[in-house]
Amino acid sequence: MSNKEKTTIRKLRFKKTESIYLIIRGLEVGIASGLICVLYRYALQFAESSLMKVLDFVKGSPAKIALWLVFAALLGVLVSFINKLEPDAAGSGIPQVSGEIRGYFSLNWWRVILAKFIGGTTSVFCGLSLGREGPSVQLGGMAAKGVARITKSDKTTELRMISCGAGAGMAAAFNAPIAGTMFVLEELHHSFDKALLTMGIVSAITADYVSKIFFGQDTIFHYDTATLALRNYWLLVIMGVVFGVSGASYNIIMVKAQKLFKKIKLPNPIKLAFVFLISGIIGLYVPQILCGGHSMANLLITQRPELKILAVLLLAKFLFGAFSFSSGAPGGTLYPLCILGAYLGAIFGNIAIGTLNLNEDLFEEFVIIGMAGLFASIVRAPLTGIILVFELTGNMNSLLPIATVSFISYAIANTIGTAPFYSILFEKAVEKTDSPTLDTSSNEKVLQTFTIPIGSPINEKKIADIDWGKHCVIVSVERNEVPITPKGDTVLKDGDTLVMLISQRRFSQDLKRINEIINI
């Protein structure tokens, strides 16, 4: 047995020591991920402010405009070559992190950080409708992987650190530590792992603390909302349906936009040069829809645009966002997604207030409900969306209406049948990858935890009656917090937690198969 395997087995035996170990590792992850994401936030802020200065400088001068557009096209070519050199840094980055955690990819952490940093900053400098949150998730995960590799951690710890680094990156990007932790559990792992929760909370809070040292303690959005009367909650049902349909439609259109972009029979440098050129032109006429959407957020808060302007900006931002995203340029969709939700909520609120003669102060209430509602239907992670909006605004008064709309929109989107946004991107990334499954030359086992859900097909079955595969070993069964030594005649029950060792050589395949065995 290798030293790393002995380390993994030791962690099963000494649980009290393991808690301290997880906290220390969480601190390491939070500091590393927080610092890299803070640096990325500063770079994007500088890029966006520089873009606005450039647009002001070139306006009114055809010669300057021509030079700017040529320069933007050349930057598109540069980003294309960056994507070619490091394909894992293209796009949002969240599917790549998910793939790494599940054993499909083995990313080069320092190359991804460097490529994502340069490519993402360049894309924002040219105004593409892309945010910092997806890249921050990947940057956080890769920073954590770097720490794990430098400290020569075992593979189980490394995968946990990557997961928690992703959550820490989201925490640092949004100033939302609880949402960052929930994102890891709900979106990346789709399960509740106590070890992951412990390390994840510590890393997310640490990253948030690091972020607040540099950016202050204010929330991202500053809304003073009124409270919707209970007699008007029927509006929330309608709103949930509207946002559920909108979220499902968003996923369909974004996928089709990607397919359409790939059908264009031109070299990628030329295609990205065209995308950056169009972005440069749009910036001259509608600068509000550029980048992540901070200008649109400020406009919504300070001026409360009339219905026609809201509708035009929403449509323009959506179309430009689909155009930017389909190009594969490094950048995220989470913040633009929140802006779309805010504007859709503003439109719904504008109509409801005008039609029913409601309190004008409810406008901002509909705005923040809209953020969570669209997030829930697109990402299909309603708890993360609810917590995220609470941390973005710091307002607990809207918790009930936010939850109502989020779960209705989530249910409607599921009923329509479209897959969650990041699941679609993950499947596409897996289809085209030729990356190895973790380290196929290593005999080291990876420790994984699975919780048997209510109604699972393995409920009331004996361990020996289930084909777990020859590369998987159950080392512990926990029932009501009490560990049970697993034997062939041990009967499994709903709610049991299985602790398993899985070989790296078939990690992705066995992990997927075990999830299929356990889940309904």
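Reference entry: report on the structure contained in this document.

Within the protein one finds 19 helices and four strands. A compact globule built from 520 residues should have a C-alpha radius of gyration of about 24 Å, and the protein, at 23 Å, falls within 12% of that. Across its three principal axes, the protein shows a C-alpha extent of roughly 75 × 55 × 45 Å. Across the 520 residues of the protein, 57% fall into the buried class. For the protein, restricting intrachain contacts to residue pairs at least 6 apart in sequence, the fraction spanning at least 24 positions comes to 84%. Summed over its atoms, the accessible surface of the protein is roughly 21700 Å², and 63% of this surface lies on carbon and sulfur atoms. Computing the positive centroid from 48 side-chain charges and the negative centroid from 38, the protein places the two 6 Å apart.

Attention now moves to the pairing of strand E4 (residues 497-503). The buried count for E4 comes to seven of seven residues, which makes it a mostly enclosed element. Neither face of E4 is exposed, since Thr497, Val499, Leu501 and Ser503 on one face and Leu498, Met500 and Ile502 on the opposite face are all buried. Summarising the sheet, strand E1 (residues 445-451) and E4 pair through seven bridges and their orientation is antiparallel. Its bridge partner being in E4, Lys445 is matched across the sheet by Ser503. Relative to E4, strand E2 (residues 472-479) is paired through six bridges, and the arrangement is antiparallel. Across the sheet, residue Glu478 finds its bridge partner in E4, namely Thr497.

Taken together, the side chains of Ile31, Leu35, Tyr42, Tyr209, Ile213 and Phe214 make up a nonpolar region of the molecular surface, amounting to roughly 620 Å² of accessible area. Of all the secondary structure elements, the ones that give two or more residues to the nonpolar patch are helix H2 (15-58) and helix H9 (194-215). Mapped onto the elements, Tyr42 comes out in helix H2.

So, about the nonpolar core. Core analysis: the biggest nonpolar cluster contains 149 residues, and Phe276, Leu300, Tyr343, Phe366, Leu388, Trp468 and Leu492 have the highest contact counts within it. If you tally residues by element for this core, the top one is helix H14 (residues 334-356), at 14 residues. With residues up to four places along the chain from it excluded, the contact list for Leu492 reads Ile452, Ile458, Asn459, Glu460, Lys461, Ile463, Ile466, Trp468, Val477, Arg479 and Leu498.

The subject of this paragraph is helix H18 (residues 421-432). In a regular helix each residue adds 1.5 Å, so twelve residues correspond to 16 Å; H18 covers 17 Å between its end C-alpha atoms and thus fits that length. Those residues of H18 that fall on the buried side of the exposure criterion are Phe421, Tyr422, Ile424, Leu425, Phe426 and Ala429. Taken together, the buried residues of H18 touch helix H4 (94-101), helix H8 (177-189), helix H10 (234-263), helix H13 (307-326), H14 and helix H15 (362-379).

At Asn175, a position not held by glycine, the phi torsion is positive, near 55°. Here Asn175 is to be found in the loop between helix H7 (155-174) and H8. Residue Asn175 is classed as buried on the basis of its relative accessible area, which comes to 7%. For Cys291, which is not a glycine, the phi torsion comes out positive at approximately 55°. Structurally, Cys291 can be placed in the loop between helix H11 (268-285) and helix H12 (294-303).

A few words now on the sheet that holds strand E3 (residues 482-484). Across the sheet, which stays open at both edges, the four strands sit in the order E1-E4-E2-E3 with antiparallel pairing between neighbours. The sheet is open, and its two borders are formed by E1 and E3, each paired with just one other strand. Averaged over all pairs of adjacent strands, the angle between strand axes in this sheet comes to 25°, irrespective of strand direction. Packing against the sheet, helix H19 (residues 507-518) makes contact with E1, E2 and E4, and its axis sits at approximately 15° to E1.

Moving on to the state of the cysteines. One pass over the structure, following the stated rule, counts zero disulfides. Lacking any disulfide linkage, Cys126 is separated from the closest cysteine sulfur, that of Cys291, by 9.4 Å.

This paragraph deals with the environment of Ala464. You can see Ala464 is positioned in the loop between E1 and E2. Note on Ala464: relative accessible area 57%, which makes it exposed. Remark: the alpha-carbon pair of Ala464 and Pro486, spanning 22 residues in sequence, is separated by 10.0 Å.

This paragraph deals with the pattern of salt bridges. Summed over all chains, the structure comprises twelve salt bridges. Between Glu158 and Arg149 there is a salt bridge; the shortest N-O distance is 2.8 Å. The residue Asp496 makes a salt bridge to Arg479 at a minimum N-O spacing of 2.7 Å. Residue Asp496 is located in the loop between E3 and E4, and its partner Arg479 is located in strand E2; the two are separated by 17 residues in the primary sequence. For Asp496, a relative accessible area of 1% translates into the label buried. One network of salt bridges, in which partners are shared, links Arg149, Lys155 and Glu158.

Before going further, it helps to examine the packing of aromatic side chains. Counted under the stated rule, the structure contains 13 aromatic pairs. Relative to Phe323, the ring of Phe274 has its centre 6.4 Å away and its plane inclined at 80°; by these criteria the two rings are edge-to-face. Separated by 49 residues along the polypeptide, Phe274 in helix H11 and Phe323 in helix H13 bring together distant segments of the chain. Exposure remark for Phe274: the relative accessible area of 47% places this residue in the partly exposed category. We classify Phe323 as partly exposed; its relative accessible area is 23%. Each residue in the set Tyr250, Phe318, Phe325, Phe421 and Tyr422 is aromatic and connected to the rest through ring pairs, giving one cluster.

Procedures and definitions
Residues numbered from 1 in each chain as written. Predicted model: local features only at pLDDT ≥ 70, side-chain atom pairs only at ≥ 80, totals over all residues. Heavy atoms only, no water. Helix = DSSP H or I, 4+ residues; strand = E, 2+ residues; numbered from the N terminus. Rg over C-alpha atoms; globule rule 2.2 N^0.38 Å. Buried < 20%, exposed > 50% of the residue type's maximum accessible area, 1.4 Å probe, protein only. Contact = heavy atoms within 4.5 Å. Areas by Shrake-Rupley, 256 points an atom, 1.4 Å probe, with all protein chains shown as cover. Lys, Arg positive; Asp, Glu negative; His and termini not counted. Charge placed at Lys NZ, Arg CZ, Asp CG, Glu CD. Pairing = 2+ DSSP bridges. Patch = residues over 30% accessible without salt bridge, like charges linked within 9 Å, V, L, I, M, F, W, Y side chains within 5 Å. Salt bridge = Lys/Arg side-chain N within 4 Å of Asp/Glu carboxyl O. Core = buried A, V, L, I, M, F, W, Y, C linked by side-chain atoms within 4.5 Å. Expected span 1.5 Å × (residues − 1). Axes fitted to C-alpha atoms, helices over the stretch in contact; angles between N-to-C directions. Disulfide = S-S within 2.5 Å. Phe/Tyr/Trp six-rings, centres within 6.5 Å; stacked < 30°, edge-to-face > 60°.

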